[in-house]
Amino acid sequence: GVITGLAVGGLPDGTVQLADLATTGTASGSTFLRGDGAFAEAGGGKVIQIQSANFTSQFGFSNNSSFTATNITVDITPTSASSKILVTASASIWKSASAAQVNSTIYRDSTNLGHNFYGFGEYQISSSGSGSVQWHVSYNDSPNTTSQITYKVYTRVQSGYSGNMGVNDVPTNITAIEYST
């Protein structure tokens, strides 16, 4: 198409008026210009630190009426009391019989973050004899502290049975990620 009055080579001088933008803040590689004319950092949460621990030893447990601490643990010291901590843990769990129920949870120091009896779920394999499952949990915690925190996996098995976490020395992991919102 043709635009009337447009010369070959572009717009004539004085055709476009430049607007004088009133801005606040400082332009940089980590800021953007918002619609209100202010330079700001991108919003949303930021990962502050990650603490992770891997284990390759099997942990045995039996006849537990209450949760028992395992060897799966990680420490983190939040940089701000308003930070959130995303805790993830995974392990293979073996139990001695199909009828045995296994419950696993995560503690922050002495506080059970899961249900007081079921933890983060109950695991039972519907087959005859023993069996194993892969357990994985993610939990967003708000510890409201700048003191060191210990997150640890706890587990229990129905009375009269036994179990192992980290079956056959298969690696287990626990990770704590501090982030801001």
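Overview of the structure.

How each quantity is defined
- Residues numbered from 1 in each chain as written.
- Predicted model: local features only at pLDDT ≥ 70, side-chain atom pairs only at ≥ 80, totals over all residues.
- Heavy atoms only, no water.
- Core = buried A, V, L, I, M, F, W, Y, C linked by side-chain atoms within 4.5 Å.
- Buried < 20%, exposed > 50% of the residue type's maximum accessible area, 1.4 Å probe, protein only.
- Helix = DSSP H or I, 4+ residues; strand = E, 2+ residues; numbered from the N terminus.
- Phe/Tyr/Trp six-rings, centres within 6.5 Å; stacked < 30°, edge-to-face > 60°.
- Lys NZ or Arg CZ within 6 Å of the ring centre and 35° of its normal.
- Salt bridge = Lys/Arg side-chain N within 4 Å of Asp/Glu carboxyl O.

## As for the nonpolar core
- Of all hydrophobic cores here, the largest spans 26 residues; its most connected members are Ile 106, Trp 135, Tyr 151, Val 153, Met 165 and Ile 174.
- Of all the secondary-structure elements, those providing two or more residues to this core are strand S3 (46-55), strand S4 (59-62), strand S5 (68-76), strand S6 (84-95), strand S7 (102-108), strand S10 (131-141), strand S11 (149-157) and strand S13 (172-180).

## With respect to the packing of aromatic side chains
- Inspection of every chain in the model, using the stated rule, returns 4 aromatic pairs.
- Where Phe 59 meets Phe 61, the ring centres are 6.4 Å apart and the plane angle is 25 degrees; that geometry is what we call stacked. The residues Phe 59 and Phe 61 share a single accessibility class, namely buried.
- Taking the ring centre of Phe 67 as reference, the NZ or CZ of Arg 156 above it sits at 5.9 Å.
- Taking NZ or CZ as reference, Arg 156 lies 3.9 Å from the ring centre of Phe 117, over its face.

## What to know about the pattern of salt bridges
- Per the counting criterion, the structure on display carries 1 salt bridge.
- One salt bridge connects Arg 108 with Asp 141, and the closest N-O pair in it is separated by 2.6 Å. Residue Arg 108 is located in strand S7, and its partner Asp 141 is located in strand S10; the two are separated by 33 residues in the primary sequence.

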